[in-house]
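Observations on the three-dimensional arrangement
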Amino acid sequence: MTDELPELRASDADRERVAEQLRDALAEGRLDMEEFEERLEATYAARTYGELTPITRDLPGAVGTARVSMVKQPVDDGSWGSRIVGGEGSSSWGVAVLAGFERKGRWTVPKRFNCFAFMGGGEIDLREANFADREVVINCVAVMGGLNVIVPPGVEVVVRGIGVMGGFDHREEGRPGDPGAPRVVVTGFAFWGGVGVERKLTRAERQRLKEERRQEKLERREARKEFDGSRGEGLGDMFDALDEARDLIRERHEERRDRHEERRLRHEERRERHRDRREDRHRRRDGDY
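Here is what the cut-offs are and how they apply
- Residues numbered from 1 in each chain as written.
- Predicted model: local features only at pLDDT ≥ 70, side-chain atom pairs only at ≥ 80, totals over all residues.
- Heavy atoms only, no water.
- Helix = DSSP H or I, 4+ residues; strand = E, 2+ residues; numbered from the N terminus.
- Contact = heavy atoms within 4.5 Å.
- Areas by Shrake-Rupley, 256 points an atom, 1.4 Å probe, with all protein chains shown as cover.
- pLDDT = per-residue confidence, 0-100.
- Expected span 1.5 Å × (residues − 1).
- Buried < 20%, exposed > 50% of the residue type's maximum accessible area, 1.4 Å probe, protein only.
- Arc of directions from axis to C-beta.
- Polar contact = N/O pair within 3.5 Å; in protein donor to acceptor, adjacent residues only side chain to side chain.
- Phe/Tyr/Trp six-rings, centres within 6.5 Å; stacked < 30°, edge-to-face > 60°.
- Pairing = 2+ DSSP bridges.

**Thoughts on the overall build of the protein chain**
Looking only at helices and strands, the protein chain features six helices and 13 strands. In the protein chain, once contacts between residues fewer than 6 apart in sequence are set aside, the share between residues at least 24 apart is 67%. Only carbon and sulfur atoms are counted for the fraction: they give 51% of the accessible area of the protein chain, which is about 17400 Å².

Written out as structure tokens, the structure is:
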């Protein structure tokens, strides 16, 4: 960043790029955990570029990663072509040992992303990511841990991983991708662990669809009023009530689905911890250590 226009308001994407640079610096040993937590807290509290600038001033930029720019570029059109940007990727690996990691938000997926989880977990979220190539490989190694890959609709998914007393999720395979969309290959090895693959909309996309449904409801209401005239007011009110009830049911269904997914993930975590404790007791009993 430059020192010009320090009062320009920073966006969520700007803060997330700084946070990603901090995570890379922590993984490379440039920051200890205390420094990382202090800077991350300052990043998410920052409101302007002037507040973001000092946070990464003493850190080198990752290869292929642009520092947060003071000059706002034209917004891309959101097409798949605009999201395949080339380069080396902004982060090429993630490690979770008795801990966790995540890659999410606006980041660039390299041609090959390697991740490892040992009695820990990691999340690789590609919903808002750019891609270094039309085909990227997510190589996952999970040992008594779990890794989860989240892809957006329209992306073709291929799963080639091997599980031994563990497994890879193949539910998202077989769906053809959108024209021009990238191909995500999930590969690797799971031993007493699991690699999940989910297809989800972003929160912004869900909000957009909700707004579209609301607009459609308003248009239907106006059309009914024009058709029925004053004599159809009672009938129009009934249809309005039905629309509202249908929207409420849909929203409640989405909320229940999200809660169910959260409970499922918590259950899997508890099951993994229980399994780890059981295996630990067996090793102690058998005198392995």
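**Side note on the confidence of the model for the protein chain**
Within the protein chain, residue pLDDT values average 78, and 75% of them lie at 70 or more. Contacts for the low-pLDDT stretch residues 1–5, under 50 throughout, to residues beyond four places or in other chains number 13 contacts. Across residues 62–75, where pLDDT falls below 50, the model places 29 contacts with residues more than four positions away in sequence or in other chains.

**Considering helix H2 (residues 33–45)**
Given a rise of 1.5 Å per residue, 13 residues ought to cover 18 Å, and the 18 Å separating the end C-alpha atoms of H2 matches this to within 8%. Inspection of H2 places Phe36, Arg39, Leu40 and Thr43 among the buried residues, and these make up the whole buried set. All buried residues of H2 project into a common sector of 105 degrees when viewed along the axis, lining one side. Away from its buried face by more than 90 degrees, H2 exposes Glu34, Glu38 and Glu41. Lining the buried residues of H2 we find helix H1 (12–27) and helix H3 (49–52).

**Points about the side chain of glutamate 172**
Note that glutamate 172 resides in the loop between strand E11 (167–168) and strand E12 (183–191). Within the local environment of glutamate 172, its side chain forms a polar contact with the side chain of arginine 175, the two groups lying 3.5 Å apart. With near-sequence residues (within four places) excluded, glutamate 172 lies in contact with Val157, Val197, Glu198 and Arg199.

**Looking at the packing of aromatic side chains**
Throughout the structure, instances matching the rule amount to two aromatic pairs. Arranged with centres 5.6 Å apart and planes meeting at 70 degrees, the rings of tryptophan 107 and phenylalanine 113 form a pair that is edge-to-face. What makes tryptophan 107 buried here is its relative accessible area of 2%. Phenylalanine 113 sits in the buried class, given a relative accessible area of 0%. Between the aromatic rings of phenylalanine 191 and tryptophan 192, the centroid separation amounts to 5.2 Å while the plane-to-plane angle is 10 degrees, which identifies the pairing as stacked. Overall, the relative accessible area of 28% leaves phenylalanine 191 in the partly exposed class.

**Notes on H1**
In a regular helix each residue adds 1.5 Å, so 16 residues correspond to 22 Å; H1 covers 23 Å between its end C-alpha atoms and thus fits that length. Taken together, the buried residues of H1 touch H2, H3 and strand E2 (100–103). A positive phi of about 85 degrees marks glycine 29, the residue just after H1.

**Concerning the sheet that holds E2**
Taken in spatial order, the five strands line up as E2-E5-E8-E13-E11 in an open sheet, and their pairing is parallel. Whereas interior strands pair on both sides, the edge strands pair on one side only; in this sheet they are E2 and E11. Note that E2 and strand E5 (residues 121–125) share four bridges and pair parallel. Counterpart to glutamate 102 in the pairing with E5 is glutamate 123.

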